[in-house]
Amino acid sequence: GQQVMQIPQYQHVQEGEDFTTYCNSSTTLSNIQWYKQRPGGHPVFLIQLVKSGEVKKQKRLTFQFGEAKKNSSLHITATQTTDVGTYFCAGMDTGNQFYFGTGTSLTVIP
Amino acid sequence: GAGVSQSPRYKVAKRGQDVALRCDPISGHVSLFWYQQALGQGPEFLTYFQNEAQLDKSGLPSDRFFAERPEGSVSTLKIQRTQQEDSAVYLCASSLVGPNTEAFFGQGTRLTVV
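Residue numbers here run from 1 along each chain, matching the order of that chain's written sequence. Here the convention is simple: chains get letters from A, ligands get numbers from 1, in the order in which they are written. Whole-chain, interface and lining totals are the exception, using all residues; otherwise, since this is a predicted model, local features are given only for residues with pLDDT of at least 70 and side-chain atom pairs are given and counted only at 80 or more. By convention in this description, side-chain values take in all heavy atoms of the structure and omit both hydrogens and water.

Thoughts on the interface of chain B and chain A
Counting residues at the interface gives 19 residues for chain B and 16 residues for chain A. Two parts placed together each lose some accessible area; with a 1.4 Å probe, that loss summed over both constitutes the buried area. For chain B, the biggest contributors to the area lost against chain A are Pro99(B), Asn100(B) and Phe105(B); these three give 31% of the whole. The salt bridge criterion pairs a side-chain nitrogen of Lys or Arg with a carboxyl oxygen of Asp or Glu, the two atoms within 4 Å. Across the chain B-chain A interface, the total number found is zero salt bridges. Between N or O atoms, a polar contact is any pair within 3.5 Å; within protein, one atom must be a potential hydrogen donor and the other a potential acceptor, and residues adjacent in sequence are included only when both atoms are from side chains. On inspection of chain B and its partner chain A, the count reaches four residue pairs in polar contact (both at pLDDT 80 or more). Under the DSSP-based scheme used, a helix requires at least four consecutive residues in state H or I and a strand at least two consecutive residues in state E, with every element numbered from the N terminus. Of all the elements, strand β4 (residues 31-37) of chain B adds the most residues to the side of chain B that touches chain A, at three residues. Each residue is assigned to one of three groups, with Ala, Val, Leu, Ile, Met, Phe, Trp, Tyr, Cys and Pro labelled nonpolar, Asp, Glu, Lys and Arg labelled charged, and all others, Gly among them, labelled polar. The residue makeup of the side of chain B that touches chain A, split by class, is nine nonpolar, eight polar and two charged. When checking whether two residues touch, look at their non-hydrogen atoms; a contact exists if any pair is within 4.5 Å.

Written out as C-alpha cells, the structure is:
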C-alpha cells in the first residue's frame, strides 16, 4: 500500500542553523501538502505543491516537489525558536486520501 | 464558525463503552475528513465526506467505527465497544471544495480507553 516516509524523525538544531526534512513516497503522488503541528496542537496547513519540480518559498521556508513526484523537501533557513514543532508531509495518490508522513520533530536550541 | 470545532476535547471511556465524537466544520466547507493520530505518529486517514456522502471509508479500522454527516455539515464519529487500542487523538478536518484544497484541522478529541 501507499507509504510516505520522512527523515529524519527528530532534529535538534541551534537557533540560526538551517533545517531540512525529506519526504519520500513509495508511489507517484498527484500533489503533496505540508503541515506544521506544534506540541499539543493540531496540524496547520503550510503549502501545497502540484507540479513536478515545483519550488515554493514562504519567507524562510522553501518547499520542493521532486521531478518524479515521489519525494519532497522542506528547508528552513536560519531557524528560530518559533519554528519548533513537527512537520508533516501529506501526499495524495490518485484517490481522495492524503497519506501523512511519519513527521519530523524539530527542536530549536536558543 | 471561525474554525473547525471538535467536542469533547477529552474523553475517557471504559473498555466496552460506546463513544460519539462530534465535528463542526467551517461553514460552507464541502469536504470533511476524520483522522486518527496515535502518540508520536502522523495522522492516519479514517474516512472522507463530500457534503453528506461518505465517499471513502477505507481507513476505518473495524466495523466498530462508524461515521456520519447526515445534513452535510456536522459529523459524528462513533466507536462501539471501545478497546484500549482505540486510544488516540481523533482529528477532524474540513476543506472548502475537494481534497486537493487546504484542509483546516480541529483541535482534536483525545480518547483514552481504560
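Notes on the nonpolar core
Core analysis: the biggest nonpolar cluster contains 20 residues, and Trp34(B), Leu77(B), Tyr90(B) and Leu111(B) have the highest contact counts within it. For this core, the elements supplying multiple residues, two or more each, are β3 (19-24), β4, β5 (44-50), β7 (65-68), β8 (75-79), β9 (88-95) and β11 (109-113) of chain B. If near-sequence neighbours (up to four positions away) are discounted, Leu111(B) is found in contact with Lys11(B), Ala13(B), Val19(B), Ile79(B), Asp86(B), Ser87(B), Ala88(B) and Tyr90(B). Listed in part, the 19 residues of the second largest apolar core include Phe19(A), Phe63(A), Ile76(A) and Cys89(A). Here, nonpolar core refers to any group of buried Ala, Val, Leu, Ile, Met, Phe, Trp, Tyr and Cys residues whose side-chain atoms link them within 4.5 Å. Here's how the labels work: a residue is buried when its accessible area is under 20% of the maximum for its type, exposed when over 50%, partly exposed in between, all with a 1.4 Å probe on protein chains only.

Thoughts on the sheet that holds β7(B)
All names here are of chain B. Spatially, β1-β3-β8-β7 is the arrangement adopted by the four strands of the open sheet, whose pairing is antiparallel. Across the chains shown, the open sheet's two edge strands, defined by having one partner strand only, are β1 (5-7) and β7. Across this sheet, the average inter-strand angle for adjacent strands is 15°, counted without regard to direction. When DSSP finds at least two bridges between two strands, those strands are taken to pair. The pairing of β3 with β8 spans five bridges and is antiparallel. To obtain an axis, a line is fitted to C-alpha atoms, over the contacting stretch when the element is a helix, and the angle between two such axes runs from 0 to 180 degrees between their N-to-C directions.

Focus on the layout of surface pockets
With a 1 Å grid laid over protein atoms only, a set of points is called a cavity when a 1.4 Å probe fits there but cannot get out and a pocket when it is open yet has protein on both sides within 12 Å along at least five of seven lines; lining residues have an atom within 4 Å of a point. Grid points are joined across faces, edges and corners, and a volume is the space filled by probe spheres set on the points. By volume, the largest pocket amounts to about 670 Å³. In terms of lining residues, the largest pocket is bounded by 33 residues, among which Gln37(A), Gln37(B), Leu39(B), Gly40(B) and Gln41(B) are the most central. Listed by contribution, the elements that provide at least two residues to the lining of the largest pocket are β9 (85-92) and β11 (104-109) of chain A together with β9 and β11 of chain B. The element best represented in the lining of the largest pocket is β11(B), accounting for four residues. Of the residues in the lining of the largest pocket, the class split is 12 nonpolar, 18 polar and three charged. In this structure, the second largest pocket is lined by 20 residues; those nearest its centre are Tyr99(A), Phe100(A), Pro43(B), Glu44(B) and Phe45(B). Only β1 (4-7) and β10 (98-100) of chain A together with β5 of chain B provide two or more residues apiece to the lining of the second largest pocket.

Digging into the state of the cysteines
Residues and elements named next belong to chain A. Counting rule for disulfides: a pair of cysteine sulfur atoms within 2.5 Å. Taken as a whole and judged by the stated rule, the model has two disulfides over all chains. Across the disulfide from Cys23 sits Cys89; the S-S distance is 2.0 Å. Taking the torsion about the sulfur-sulfur bond, which here is approximately 75°, the covalent link between Cys23 and Cys89 counts as right-handed. Highlighted residues: Cys23 in strand β3 (residues 19-25) and Cys89 in strand β9, separated in sequence by 66 residues. The class for Cys23 is buried, based on a relative accessible area of 1%.

Looking at the pairing of strand β6 (residues 55-58) of chain A
Consecutive side chains along a regular strand alternate between the two faces of the sheet. Residues and elements named next belong to chain A. As paired strands, β6 and strand β7 (residues 61-65) are joined by four bridges and run antiparallel to one another. If you follow Lys56 over to β7, its bridge partner there is Phe63. Turn length for the β6-β7 hairpin, with the two strands adjacent in sequence and antiparallel, is two residues, and the turn residue Lys59 shows positive phi of about 50°.

Considerations on empty space enclosed by the protein
Scanning all chains against the criterion turns up one cavity of 30 Å³ or more. Around the largest cavity sit Gln33(A), Tyr35(A), Phe98(A), Phe33(B), Tyr35(B), Ser95(B), Pro99(B), Thr101(B) and Ala103(B), which together line it. Of all the secondary-structure elements, those providing two or more residues to the lining of the largest cavity are β4 (31-37) of chain A together with β4 of chain B.

Digging into the confidence of the model for chain A
Regions with low pLDDT should not have their predicted coordinates read in detail. Here chain A shows a mean pLDDT of 93. Residues at 70 or above account for 97%. A residue's pLDDT is simply how confident the predictor is in it, with values from 0 to 100. Per-residue pLDDT, averaged within each element of chain A, yields its smallest value for β10(A) (85) and its largest for β7(A) (98).

Comments concerning the packing of aromatic side chains
Only Phe, Tyr and Trp rings take part, Trp by its six-membered ring, and two of them pair if their centres are within 6.5 Å. Stacked means planes under 30 degrees apart, edge-to-face means over 60, and tilted covers everything else. Tallied over the entire structure, the rule returns 13 aromatic pairs over all chains. Between Trp34(A) and Phe63(A), the ring centres sit 6.5 Å apart and the planes meet at 50°, which makes this aromatic pair tilted. With Trp34(A) in strand β4 and Phe63(A) in strand β7, this residue pair connects regions lying 29 residues apart in the sequence. Just as Trp34(A) is buried, Phe63(A) falls in that class too. With a centroid separation of 4.9 Å and an interplanar angle of 20°, the aromatic rings of Phe33(B) and Tyr48(B) are classed as stacked. Of this pair, Phe33(B) sits in strand β4 while Tyr48(B) sits in strand β5, placing them 15 residues apart in sequence. Each member of the pair Phe33(B) and Tyr48(B) is classed as buried.

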